[in-house]
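For reference, the chains in residue letters:
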Amino acid sequence: MEILSRHNGKVSTLAQPVGFGWAIGNTAHGEWEETKKDSTSTSNSGTTHRRWRTHSTSPFFWLWLGSRRSIFRSDYTNYRTYNTSGRSYYGQNSNNTYGYGTRSSYQKKTRSSFFTRQSKNASRWNNLEKELVEVLQDTNQGLQHDLDQVELENNNFELY
């Protein structure tokens, strides 16, 4: 994902899949081709889809884009809608999950160990947060007690 980019002299702070802002849809880098089946679909409905095909045969181009996954025209159209309205784009699958970025189903499958560690660490952090809140509450009660004692002593103090 690009979270900050500069292409054609224009800076963008919108999160977007790598290459969507400059390579995908740009005829200098490739073209849309007809395909019979969406590679992410489990059924072959016979409908055609338009998939982006790059002119570059360099593996570095695809490494730079961060993916060898197919990019379909419908996804790019959704990206453009989000981009023109000033919103970050993470893609959207049919089950309302992210299509790109850390939370995408693709990343969850290919980097499952990261999400396992993340979930373990999240529960550790939640426990630490609860303990910290308890300690702060105890400390606050102790400080309040000390302040009450000082106030009592000040009220009992007489000037001669």
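Read on for a plain summary of the structure. Everything quoted here is computed from the prediction, not taken from an experiment.

### Concerning the overall build of the protein
Looking only at helices and strands, one finds four helices and four strands in the protein. In sequence order, the protein lays out its α and β elements as β-β-β-β-α-α-α-α. Burial status across the protein gives 22% buried among its 160 residues. Considering only residue pairs separated by 6 or more positions, the protein has 40% of its internal contacts joining residues 24 or more positions apart. Here the protein has roughly 12300 Å² of accessible surface; of this, 51% comes from carbon and sulfur atoms.

### Focus on the environment of R80
Structurally, R80 can be placed in helix 2 (residues 73-84). What makes R80 partly exposed here is its relative accessible area of 46%. Along the sequence, R80 and F20 sit 60 residues apart, while their C-alpha atoms lie 8.8 Å from each other.

### Let's talk about the pattern of salt bridges
Counted by the stated rule, this structure contains four salt bridges. One connected set of salt bridges, linked through shared partners, spans E31, E33, R51 and R53.

### Thoughts on a nonpolar patch on the surface
On the surface, M1, I3, L4, V11, Y90 and Y98 cluster together into a nonpolar patch covering about 590 Å² of accessible area. Tracing the backbone through its elements, the reader meets M1 in the segment before strand 1 (5-7).

### Observations regarding the nonpolar core
F20, I24, W32, W52, I71, Y76, Y79, Y89 and Y100 together form the largest nonpolar core, which totals nine residues. For Y79, the residues in contact, after removing those within four places along its chain, are Q16, F20, G21 and Y89.

### What to know about helix 2
Here helix 2 contains 12 residues, and its C-alpha end-to-end distance of 16 Å stays within 8% of the 16 Å for a straight helix at 1.5 Å per residue. When helix 2 is considered as a whole, its buried residues turn out to be D75, Y76 and Y79. Taken around the axis of helix 2, the buried residues stretch over an arc of 95°, which confines them to a single face. Away from the buried face of helix 2 by more than 90 degrees, exposed residues S74 and T84 are located. Turning to helix 2, the residues buried within the fold contact strand 3 (30-35).

### Here we look at the layout of surface pockets
In this model, the second largest pocket occupies a volume close to 350 Å³. Only strand 1, strand 2 (10-12) and helix 2 provide two or more residues apiece to the lining of the second largest pocket. Of the residues forming the lining of the second largest pocket, the biggest block, five residues, is contributed by helix 2. By residue class, the composition of the lining of the second largest pocket is six nonpolar, 10 polar and two charged.

What counts as what
Residues numbered from 1 in each chain as written. Predicted model: local features only at pLDDT ≥ 70, side-chain atom pairs only at ≥ 80, totals over all residues. Heavy atoms only, no water. Helix = DSSP H or I, 4+ residues; strand = E, 2+ residues; numbered from the N terminus. Buried < 20%, exposed > 50% of the residue type's maximum accessible area, 1.4 Å probe, protein only. Contact = heavy atoms within 4.5 Å. Areas by Shrake-Rupley, 256 points an atom, 1.4 Å probe, with all protein chains shown as cover. Salt bridge = Lys/Arg side-chain N within 4 Å of Asp/Glu carboxyl O. Patch = residues over 30% accessible without salt bridge, like charges linked within 9 Å, V, L, I, M, F, W, Y side chains within 5 Å. Core = buried A, V, L, I, M, F, W, Y, C linked by side-chain atoms within 4.5 Å. Expected span 1.5 Å × (residues − 1). Arc of directions from axis to C-beta. 1 Å grid on protein atoms, 1.4 Å probe; cavity = no way out; pocket = protein on both sides within 12 Å on 5 of 7 lines; lining within 4 Å. Points joined across faces, edges and corners; volume = space filled by probe spheres on them. Nonpolar A, V, L, I, M, F, W, Y, C, P; charged D, E, K, R; others polar.

In short, shape yes, function no, at least from these values alone.
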